[in-house]
Amino acid sequence: MVYKGKTSDAQELMNLVSSVDPESSKEKLKKIRSLIYEHFNIRKLIITPYTFFNYFRVILKLKATHDLYCITNYILELSQYDDIICVKSQYKPSLIATAALHTGIIALKLHHEWLSDLSILTPYTGEEKELISLHKRMLELLKAASKETKYSSAQARYYGEENNCISQIDYSNV
């Protein structure tokens, strides 16, 4: 073993790891995980659709005031309330971000179908079944958002001028 008790942290880590058994408490397991992260300088990084969207946004040079930026964030937020997208289907975060960006482009009528530039920007071609079904689901969310109360907090956040009144747009014809 590399660390053989040379530091008090390493010794404590070794003691904790060796004492773990199936009846260990959740708190004890969290402490072990925390010590391991600290000791080996592991950063906790959770990859979400927002991680990918921020990457896309930088490449596209979208400012926070741009309609496409606002609507994509709005769609991503609506998606968080949807159990089909977030729980049942287990979509990849990159796929969710790509579908949200594509749905935003369609909803704003910037383009009427898959934009070929998205195939360069993202790892998708626009022909993937998961992407197509996710895009359709996101369009349904946009249409339902103004009618269903579970989306009211997202509606309120995207109602004002700072988000270009994105939630006030009628998406029923999209």
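The shown structure was predicted, so the numbers you read here are calculated from the model rather than taken from an experiment. (Residues numbered from 1 in each chain as written. Predicted model: local features only at pLDDT ≥ 70, side-chain atom pairs only at ≥ 80, totals over all residues. Heavy atoms only, no water.)

## Details of the overall build of the chain
Here's step 1: Scanning the chain from N- to C-terminus turns up nine helices and zero strands.
Here's step 2: Beginning at the N terminus, the succession of helices and strands in the chain can be written as α-α-α-α-α-α-α-α-α.
Here's step 3: Considering the chain as a whole, with its 174 residues, one finds that 37% of them fall into the buried category.
Here's step 4: A separation threshold of at least 6 residues defines the contact pool for the chain, and within that pool the share at least 24 residues apart is 64%. (Helix = DSSP H or I, 4+ residues; strand = E, 2+ residues; numbered from the N terminus. Buried < 20%, exposed > 50% of the residue type's maximum accessible area, 1.4 Å probe, protein only. Contact = heavy atoms within 4.5 Å.)

## Overview of the environment of Asn163
Here's step 1: Along the chain, Asn163 falls in the segment after helix 9 (152-157).
Here's step 2: The spacing of Asn163 and Asp67 is 96 residues in sequence and 7.8 Å in space, taken between C-alpha atoms.
Here's step 3: Discounting residues that sit within four places of it in the chain, Asn163 has contacts with Cys70, Arg157 and Tyr158.
Here's step 4: There is a polar contact of 2.7 Å between the side chain of Asn163 and the backbone oxygen of Arg157. (Polar contact = N/O pair within 3.5 Å; in protein donor to acceptor, adjacent residues only side chain to side chain.)

## With respect to the nonpolar core
Here's step 1: If you look at the biggest cluster of nonpolar residues, it comprises 37 residues, and the most contacted ones within it are Tyr74, Leu78, Leu101, Leu134 and Met138.
Here's step 2: Going through the elements one at a time, helix 3 (49-60), helix 4 (67-80), helix 6 (93-107), helix 7 (116-121) and helix 8 (129-145) are the ones with two or more residues in this core.
Here's step 3: With residues near it in sequence (within four places) discarded, Leu134 still touches Ile85, Tyr91, Leu95, Ile96 and Ala99. (Core = buried A, V, L, I, M, F, W, Y, C linked by side-chain atoms within 4.5 Å.)

## Notes on the environment of His102
Here's step 1: Mapped onto the elements, His102 comes out in helix 6.
Here's step 2: The residues contacting His102, other than those within four sequence positions of it, are Glu113, Trp114, Leu118 and His135.

## Focus: the pattern of salt bridges
Here's step 1: Per the counting criterion, the structure on display carries three salt bridges.
Here's step 2: Residue Asp82 pairs with Arg137 through a salt bridge whose shortest N-O separation is 2.4 Å. Of this pair, Asp82 sits in the loop between helix 4 and helix 5 (83-88) while Arg137 sits in helix 8, and the two are 55 residues apart along the sequence.
Here's step 3: Taking the relative accessible area as the measure of exposure, Asp82 reaches 1% and is therefore buried.
Here's step 4: When the shortest N-O distance is used, the salt bridge between Arg137 and Glu140 registers 3.0 Å. Taken together, the residues span about one helical turn, with Arg137 and Glu140 both in helix 8 at a distance of three residues. (Salt bridge = Lys/Arg side-chain N within 4 Å of Asp/Glu carboxyl O.)

## Here's the deal with the packing of helix 3 against helix 4
Here's step 1: It is at 11 Å that the axes of helix 3 and helix 4 come closest, and there the two elements cross at 170°. Taken as axis vectors, helix 3 and helix 4 run roughly antiparallel relative to one another. Where helix 3 abuts helix 4, its residues Pro49, Tyr50, Phe53 and Arg57 lie against Tyr69, Thr72, Asn73, Leu76, Glu77 and Gln80.
Here's step 2: Residues that form the contact of helix 3 with helix 4 fall into these classes: five nonpolar, three polar and two charged. (Axes fitted to C-alpha atoms, helices over the stretch in contact; angles between N-to-C directions. Parallel < 35°, antiparallel > 145°, perpendicular 65-115°, else oblique. Nonpolar A, V, L, I, M, F, W, Y, C, P; charged D, E, K, R; others polar.)

## Points about unusual backbone geometry
Here's step 1: Notably, Lys109 is not glycine yet its phi reads approximately 60°, a positive angle.
Here's step 2: Relative to the assigned elements, Lys109 resides in the loop between helix 6 and helix 7.
Here's step 3: With a phi angle near 50°, Cys165 is a residue other than glycine that sits in the positive phi range.
Here's step 4: By the element assignment, Cys165 lies in the segment after helix 9.
Here's step 5: Of the residues examined, Cys165 reaches a relative accessible area of 16% and is grouped as buried.

## Notes on the packing of aromatic side chains
Here's step 1: This structure, assessed with the given rule, holds four aromatic pairs.
Here's step 2: Ring plane angle 85° and centroid distance 6.1 Å describe the contact between Tyr81 and Tyr151, whose orientation is recorded as edge-to-face. Taken together, the residues span a long stretch of sequence, with Tyr81 in the loop between helix 4 and helix 5 and Tyr151 in the loop between helix 8 and helix 9 at a distance of 70 residues.
Here's step 3: A relative accessible area of 2% means that Tyr151 is categorised as buried. (Phe/Tyr/Trp six-rings, centres within 6.5 Å; stacked < 30°, edge-to-face > 60°.)

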